[in-house]
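# Structure at a glance
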Amino acid sequence: MRSTAERGRLELRPGLWLDARRAVYLETEATIAVADPHLGYAWAQRHAGNLLPLADDRELEMNLAELLEDYAPRQVVVLGDFVHRAIALDGIRDQICRFIDTVEMRSRLVLLNGNHDRGLHEVLRQCARNVATAREMVCGEYTLLHGHEDVTCDRTVLMGHEHPVIALPDGTGGRVKCPCFLIGARTIVLPAHSPWAAGSDIRKRDFLSAVARRETFVRAIAVLGRKLLPVTLIDPA
Amino acid sequence: MLIASPTGTGKTFAAFMGVLDHLEHLHRHGQLLETIYCIYVSPLRALAYDLEKNLAEPLREIFGGKPPIRVGLRSGDTTSSERVKQFNRPPHILLTTPESLCLLLSQKRWLPHLENVRWVIVDEIHAMAENKRGAHLSLSLGRLERLRPEDPVNRRPIQRIGLSATVAPLDEVGKFLTGTNGECALVDVSTGKKIELKVHTPLRKRPYPEAGYTGQRLIRELAETVRRHRTTLVFTNTRSGAEATTFWLREVAPDLADAIECHHASLERDVRQEVEDRLKRGELRAVICSTSLELGIDIGSVDVVVMLSTPKGVSRALQRAGRSGHNIHSVSRGILMATNVNDLVEACATVLLGRRHELDPVRLPTAPLDVLAQHIVSMGCAGTWRRDEALALVRSAYPFAQLTRKDFDDVLDYLAGGGQALRTAYTEVFGKIELNDETFRTRPGRVQQDFLQNVGVIPSVGVVRVRMRHKHLGSVEESFINRLKPGDVFIMGGRACRLERVSNMEAIVLPANGELPTGPRWNANKMPLSTNLAEEIVRFRGEVRAWIEAGHPAEETWVTETAKRVATRLDCGVANARIVLEMFLGQARVSEIPRGGELLIEQFDDAGDFIVPKTPGGRQRHYFFHSVIGRSANEALARVVTLRLSRLRGGNAVATTNDYGFVLTVAPHQHIGAEDLAPLLSPDSFIADFHASLVNSEMLKHHFRNAAQIGLMVYRNYFGKQKPTRKLQWSAEVIYNVLREHEPDHVLLREARRDCLQVFLDAEKALHFLNTGLHQPKKIRPVDRVPPLSFALYATKIKEALLVEDPAETMERLFNQWWNEIDSGTRAA
């Protein structure tokens, strides 16, 4: 397992890099995969009556711009839940356009369907953006998909949907919840790209998807700020 | 006018007398209108129910048959058909709660009914003044005042009558009642009723100063007290404590089991109601409550009140004792049970101050911004407001008198959906209010409807309802259920239940008759020690130290004489005094007795015999800081000291606190010397350091969750349904993280910080302590065993890491072992 000095990146398998900016880079295919950006989360919440702050957009975009700069990928694949809710609101359209434009300026964007993406086509049309979408896609030796639908396939699956987090001791008697990658023999779950994401601790194992429930996860790679920290879940012995 | 007098002295009727007289006069002259003349507000719905019944009687006596003066009740339970009836024909006297009052003020069509109000009676005002509910009510009172039509001749302000039990300082509560524009007459008859407080302890020869205690001995003595009296009311401070006590009391007194009941706020309302009714009818021998029967409703003839955990404050002790002997002529009797020697000293001090009537000062929250946000939306529901006019109104409420223009504008901006820039960039920002430079109003339609379902400031904690077959027993905290696994036995309503499963916010249980509970255990006391109690304890410690230093502690005659002296000083029995003295002698032998005017820090190297797993690298070092400033101030102090220590030495340090001090546990590279005390305990930049220490804390997150709900950032009720709290907490935590990162100055984050600072962590008191102690001597004294006065801290510290044996037993064994060492050490010397 190679990793860069500052531990912001980690090569899990040959050519498969995990990045602390909540992304995966597939070297041979020059592909970046991110999962669950849930764009427009705060706007969707406001639409539902909750007065959430709208301060988070910029971080997501800067993150994305950095990834594009560092890897210069051929394509960026979003593993589902591109938006939180596809509502025709200026604020949501704004965020969608900025995301698409940031990627398409240097690369190509592919959106895989997630359970939150219902109605996305209509909003994309309103945004006058033409983006490739698919249910799943094969990328080298991996199958990329969201994970809300049950599938069986021969390749290793890269999926989202679960928003995995792990609670780690913070050294003062408390615990901090960190987003994490979840590593199994045939499945790798990505942390949510959205800063709004939180989930239940993976050690409780109440997974949403059948794919994840079937898998035995041996390791989690926690994202601590800009660093990655491997945590063993099941001892190989 | 503020009337302060103990419960059962008829102050409610005193308040209503003038009102009824006036209304009768109007009726006689044919001038009684179909409008509300008087509003009575109570923090408890049950009180309003009671009063409705209790007013009906005198009205019938005065008028016979169907009285022309109508009394109406309005609370969250009022059905919609009753509400329509009330609107069509408003009662002359309206009995309500602060939340329902605010709801009426939020509805434009109701305002004409409220224009003629002449009197507002606020019951149990002491219970509200100190918290956000009170701040909420104070704004409603100001708004009610403003509704009165401008009439230069007849214009008289609404008379506000506050009813309070034992409370101090009265004038502060008076200002809270009248607001900044009013005058308040104080009527203090609180010394009129005789209250007898005394201390009882199940402690025998060996004092045992620990946070938990051997329950069985205590329970047996409690059972004796119950047998000796007709009805006993027991306070335990915590819900789980009430449950456990009920369970064990029934075990040791099976013949009385049917007449022993439990009462606390998480029991279902009908279960509680039944207990209250049976209590009133005199059918019960004992009721064990957390704090739920501290206030209000007439509970009939209780002849003695037992406080199982120390009430932590003089006012609370008097209030609780006042629940017995419920009429003006009978004496109220309260027994403070001291279950360890620290409690014994505390209980004695409580009784002393209680007799001298030295009450704990109340502290009003200053300008809670989440409450303000809620009221602004409520005000905007009723019409358009000019900003200036609204600000002036808000400032007329005493808790908001010091509200800054900036805070006010920030709240408006937040409610409008964000700052000016955002509002111009987007056509739709989903604000609660429509705001411009001059005016604001609440957005009509759904925003108003949603708001009406979310009025109130009582935060919802995660609760899970407990169901046994088809009956709901009550609810427990989600966090508690999360710690249990199926098959575990816990107590609910004083009965053992076995957890089957949890689904959909419901815990399904089966009766577990004859089985012992696997949880909850006795809970630690959550209420901080009041300032004047703390001062009294420090004074007492100093006196005992002086006696010991001037005396001959090795001589038995001296010990006997001094025990008598302690008995006189504490006004307690000689046997109790002896236990207290023995502990102080032990303290003097191993260390020294901490006194006022200096800070004692004991340094102890722990071999870690009782801690599993053992600390790698050998011994842990503990520093016991004897700062008697109450739990919440100590917690603030300990946070800052730990933060500063890790800046100074690196690594993390861990602190454990109680009312009497805190213990700092450190790694070898973090050892401190006398020269480090000045920087660690410096008052300079204390508040800044305190805020820095809060940044990552769960506590701030927790308070933010409350502020987010009260401040209407997240609704707890949505489309008439309560949201599952797990989801609510989930989103509040994420919002907290995002805000902290991107908008650290958000009004609701500011409010959460203020709440932590003033209420839950008393940083102001801690800072005051450091300022006073700035030039006082501080010393680190090495000790070779844990001194008695530090034992409770040490016990709390290691309890978490104990072996499988019962923690209470371990503690007792451990303590006795130390005691023997202390004894033998003296003999050898």
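Above this text you will find the structure in question.
Quantities reported herein were computed from a predicted structural model and do not represent experimental measurements. (Residues numbered from 1 in each chain as written. Chains lettered and ligands numbered in written order. Predicted model: local features only at pLDDT ≥ 70, side-chain atom pairs only at ≥ 80, totals over all residues. Heavy atoms only, no water.)

The next thing to look at is the nonpolar core. Of all hydrophobic cores here, the largest spans 123 residues; its most connected members are Phe82 and Ile96 of chain A together with Phe704 of chain B. Looking at which element gives the most residues to this core, the answer is helix 14 (residues 369–381) of chain B, with eight residues. Each residue touching Ile96 of chain A, except ones within four places of it in the same chain, is listed here: Leu39, Phe82, Val83, Leu120, Val123, Leu124 and Cys127 of chain A. By size, the runner-up hydrophobic cluster in this structure holds 80 residues, among which are Leu163, Val275, Leu279 and Ala317 of chain B. (Core = buried A, V, L, I, M, F, W, Y, C linked by side-chain atoms within 4.5 Å. Buried < 20%, exposed > 50% of the residue type's maximum accessible area, 1.4 Å probe, protein only. Helix = DSSP H or I, 4+ residues; strand = E, 2+ residues; numbered from the N terminus. Contact = heavy atoms within 4.5 Å.)

All right, on to the packing of helix 7 (residues 132–147) of chain B against helix 14 of chain B then. Residues and elements named next belong to chain B. The N-to-C vectors of helix 7 and helix 14 enclose an angle of 30°; their axes lie 9 Å apart at closest approach. Here helix 7 is positioned roughly parallel relative to helix 14, judged by the angle of their axes. Helix 7 and helix 14 meet at a crossing whose hand is right-handed. Together, Lys132, Ala135, His136, Leu139, Ser140 and Arg143 of helix 7 and Asp370, Val371, Leu372, Gln374, His375, Ser378 and Met379 of helix 14 make up the contact between the two elements. (Axes fitted to C-alpha atoms, helices over the stretch in contact; angles between N-to-C directions. Parallel < 35°, antiparallel > 145°, perpendicular 65-115°, else oblique. Left-handed = near helix turned anticlockwise from the far one by under 90°.)

With that settled, the discussion passes to helix 1 (residues 11–28) of chain B. Helical geometry: 3.6 residues make up each α-helical turn, so side chains three or four residues apart lie on a common side. Residue and element names in this part refer to chain B. A rise of 1.5 Å per residue sets the reference length of helix 1, with its 18 residues, at 26 Å; its end C-alpha atoms lie 26 Å apart and thus fit the reference within 8%. Of all the bends in helix 1, the greatest measures close to 30° and is centred on Met17. Those residues of helix 1 lying buried are Lys11, Thr12, Ala15, Phe16, Val19, Leu20, Leu23 and Leu26. Those residues of helix 1 hidden inside the fold are in contact with strand 1 (2–4), strand 2 (38–41), helix 2 (45–63), strand 4 (93–96), strand 5 (119–122) and strand 6 (159–164). Count one or two residues on from helix 1 and you reach Gly30, which has phi positive near 65°. (Expected span 1.5 Å × (residues − 1). Bend = angle between axes of the 7 residues up to and from the residue.)

Next up on the list: the side chain of Arg133 of chain B. All names here are of chain B. Note that Arg133 resides in helix 7. On the accessibility criterion, Arg133 (15% relative accessible area) is buried. At 3.0 Å, the side chain of Arg133 forms a polar contact with the backbone oxygen of Pro43. (Polar contact = N/O pair within 3.5 Å; in protein donor to acceptor, adjacent residues only side chain to side chain.)

So, about the sheet that holds strand 28 (residues 778–783) of chain B. All names here are of chain B. Pairing in this open sheet of five strands is mixed, and the strands run 24-25-23-22-28 from one edge to the other. Of all the strands in the sheet, just strand 24 (654–658) and strand 28 have a single pairing partner and so form its edges. Put simply, the sheet's adjacent strands are angled 20° from each other on average, direction ignored. Pairing of strand 24 with strand 25 (residues 661–666), which is carried by five bridges, proceeds in the antiparallel orientation. Directly across from Val654, in strand 25, lies its bridge partner Thr665. (Pairing = 2+ DSSP bridges.)

Attention now moves to helix 13 (residues 341–355) of chain B. In this model helix 13 of chain B runs 21 Å from its N-terminal to its C-terminal C-alpha over 15 residues, within 8% of the 21 Å that 1.5 Å per residue would give. Counting buried positions along helix 13 of chain B gives 14 out of 15 residues, so the element sits mostly inside the fold.

The next subject is the sheet that holds strand 10 (residues 260–263) of chain B. Residues and elements named next belong to chain B. In space, the six strands of this open sheet follow the order 8-13-12-9-11-10, with parallel pairing throughout. Looking along the sheet, the strands with just one partner apiece sit at the ends: strand 8 (195–200) and strand 10. Each strand of the sheet is rotated relative to its neighbour by a mean of 20°, with strand direction disregarded.

On to the packing of aromatic side chains, then. Taken as a whole and judged by the stated rule, the model has 12 aromatic pairs over all chains. Geometrically, the ring pair formed by Phe82 of chain A and Phe99 of chain A is edge-to-face, given 5.2 Å between the ring centres and 80° between the ring planes. One end of the pair, Phe82 of chain A, is in the loop between strand 6 (75–78) and helix 3 (90–104); the other, Phe99 of chain A, is in helix 3, with 17 residues separating them in the sequence. With respect to burial, Phe82 of chain A and Phe99 of chain A carry one shared label: buried. Judged by centre distance (5.9 Å) and plane angle (40°), the ring pair of Phe16 of chain B and Tyr40 of chain B falls under tilted. In this pair, Phe16 of chain B is assigned in helix 1 and Tyr40 of chain B in strand 2, connecting sequence segments 24 residues apart. The residues Phe16 of chain B and Tyr40 of chain B share a single accessibility class, namely buried. Above the face of the Phe87 of chain B ring, Arg109 of chain B is positioned so that its terminal group lies 4.2 Å from the ring centre. The cationic tip of Arg118 of chain B hangs over the ring face of Trp119 of chain B; the distance from NZ or CZ to the ring centre is 5.2 Å. (Phe/Tyr/Trp six-rings, centres within 6.5 Å; stacked < 30°, edge-to-face > 60°. Lys NZ or Arg CZ within 6 Å of the ring centre and 35° of its normal.)

Now for unusual backbone geometry. All names here are of chain B. In this structure, Glu124 takes a positive phi of about 50° despite not being glycine. Mapped onto the secondary structure, Glu124 falls in the loop between strand 5 and helix 6 (125–129). Judged by its relative accessible area of 6%, Glu124 is buried. Backbone geometry places Ala367, a non-glycine residue, at a positive phi of 45°. Mapped onto the fold, Ala367 is located in the loop between helix 13 and helix 14. Ala367 sits in the buried class, given a relative accessible area of 15%.

Residues and elements named next belong to chain B. Under the criterion given, the structure shown has 65 salt bridges over all chains. With a shortest N-O distance of 3.6 Å, Arg405 and Asp409 are connected by a salt bridge. Residue Arg405 and its partner Asp409 are located together in helix 16 (residues 405–415), separated by four residues, close to a single helical turn. Close ionic contact of Arg647 with Asp689 constitutes a salt bridge, the shortest N to O distance being 3.1 Å. Highlighted residues: Arg647 in helix 23 (residues 631–649) and Asp689 in helix 25 (residues 686–694), separated in sequence by 42 residues. Overall, the relative accessible area of 53% leaves Arg647 in the exposed class. (Salt bridge = Lys/Arg side-chain N within 4 Å of Asp/Glu carboxyl O.)

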